[in-house]
Amino acid sequence: MKKTMVKILGLTALMFVAIMFIRTPENVSAAEYDENIENDMSIEAVSNNLPDLEDDLYVATRINLDDSHWVDVYAWVHVYYTYDEGVQGIVYYAELDTSDGGIGSNTVNFDRLSPCEDEPGISTYKLVYYMDAHERENCWTGYIKINVNCNEWGELSIWVDYEPC
């Protein structure tokens, strides 16, 4: 069992390295020595000359907590992104426009609704909010995550997930 796990992990690591060399060989060695700084081994990344883009996305969805209780999420999100055509999309940052939109409900009362630390990724950036809500006998706690994704063609998508605690 242990030998099998070692083989699987070794092959996975080998495949990852091989894919990185095959897929983007210019990025593997995309660094150069800065000769302007004496006695310093400064490394400077070579720019891929990808465009810096911005856009506004709107999301409106209903999160069903049970059969008769829900939370409505509607928001404008400003997105900073770029993409390498046919290779990968990158979302640098996303921010909620608090002047237009929000999170609310006619069926539950919020005890707490507060932003948490965002979850940046490569192609997907998540805006995370902690929710603590109740209605007479029922209580709900969880995380509302507004996800923004950019694919390798620069197409943006947005959706909302709810993760109960």
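Residues numbered from 1 in each chain as written. Predicted model: local features only at pLDDT ≥ 70, side-chain atom pairs only at ≥ 80, totals over all residues. Heavy atoms only, no water.

Considerations on the overall build of the protein
Phase 1: Of regular secondary structure, the protein possesses two helices and nine strands.
Phase 2: When the elements of the protein are put in sequence order from the N terminus, they spell out α-α-β-β-β-β-β-β-β-β-β.
Phase 3: Within the protein, buried positions represent 27% of all 165 residues.
Phase 4: By sequence separation, contacts in the protein at least 24 residues apart represent 46% of the contacts at least 6 residues apart. (Helix = DSSP H or I, 4+ residues; strand = E, 2+ residues; numbered from the N terminus. Buried < 20%, exposed > 50% of the residue type's maximum accessible area, 1.4 Å probe, protein only. Contact = heavy atoms within 4.5 Å.)

Thoughts on the pattern of salt bridges
Phase 1: Inspection of the entire model under this criterion finds three salt bridges.
Phase 2: Residue arginine 62 is joined to aspartate 72 by a salt bridge in which the shortest nitrogen-to-oxygen separation is 2.8 Å. Of the two residues, arginine 62 is situated in strand S3 (residues 53-64) and aspartate 72 in strand S4 (residues 70-84); the sequence distance between them amounts to 10 residues.
Phase 3: Given the relative accessible area of 44%, arginine 62 is considered partly exposed.
Phase 4: Taking relative accessible area as the criterion, aspartate 72 reaches 21% and is therefore assigned partly exposed.
Phase 5: The salt bridge involving glutamate 119 is made with lysine 145; its shortest N-O contact spans 3.2 Å. (Salt bridge = Lys/Arg side-chain N within 4 Å of Asp/Glu carboxyl O.)

Some remarks on a nonpolar patch on the surface
Phase 1: A surface patch of nonpolar side chains, about 300 Å² in accessible area, is lined by Tyr58, Tyr74 and Trp76.
Phase 2: Within the secondary structure, tyrosine 58 is located in strand S3. (Patch = residues over 30% accessible without salt bridge, like charges linked within 9 Å, V, L, I, M, F, W, Y side chains within 5 Å. Areas by Shrake-Rupley, 256 points an atom, 1.4 Å probe, with all protein chains shown as cover.)

Details of the sheet that holds strand S7 (residues 124-135)
Phase 1: Taken in spatial order, the four strands of this open sheet run S6-S7-S8-S9, and their pairing is antiparallel. Two strands close off the open sheet at either side, each with one partner strand: strand S6 (109-115) and strand S9 (156-164). Averaged over all pairs of adjacent strands, the angle between strand axes in this sheet comes to 20°, irrespective of strand direction.
Phase 2: Two strands pair when backbone bridges link them, and S7 and strand S8 (residues 138-150) are joined in this way by 12 bridges, in the antiparallel orientation. What sits directly across from histidine 134, in S8, is cysteine 139. (Pairing = 2+ DSSP bridges. Axes fitted to C-alpha atoms, helices over the stretch in contact; angles between N-to-C directions.)

Topic: the side chain of threonine 82
Phase 1: For threonine 82, the position within the fold is in strand S4.
Phase 2: Sequence-distant contacts of threonine 82, defined by excluding residues within four places in its chain, comprise Leu50, Pro51, Gly89, Ile90, Tyr92 and Cys150.

A word on the packing of aromatic side chains
Phase 1: Throughout the structure, instances matching the rule amount to four aromatic pairs.
Phase 2: Taking 5.1 Å as the distance between ring centres and 50° as the angle between the ring planes, the aromatic pair formed by tyrosine 58 and tryptophan 76 counts as tilted. Here tyrosine 58, found in strand S3, pairs with tryptophan 76, found in strand S4; they are 18 residues apart in sequence, far enough to count as distant.
Phase 3: Overall, the relative accessible area of 32% leaves tryptophan 76 in the partly exposed class.
Phase 4: Each ring, one from tyrosine 130 and one from tyrosine 143, has its centre 5.5 Å from the other, and the planes form 65°; the classification is edge-to-face. Of the two residues, tyrosine 130 is situated in strand S7 and tyrosine 143 in strand S8; the sequence distance between them amounts to 13 residues.
Phase 5: Residue tyrosine 130 is classed as buried on the basis of its relative accessible area, which comes to 16%.
Phase 6: Under the relative-accessibility criterion, tyrosine 143 is labelled partly exposed at 31%. (Phe/Tyr/Trp six-rings, centres within 6.5 Å; stacked < 30°, edge-to-face > 60°.)

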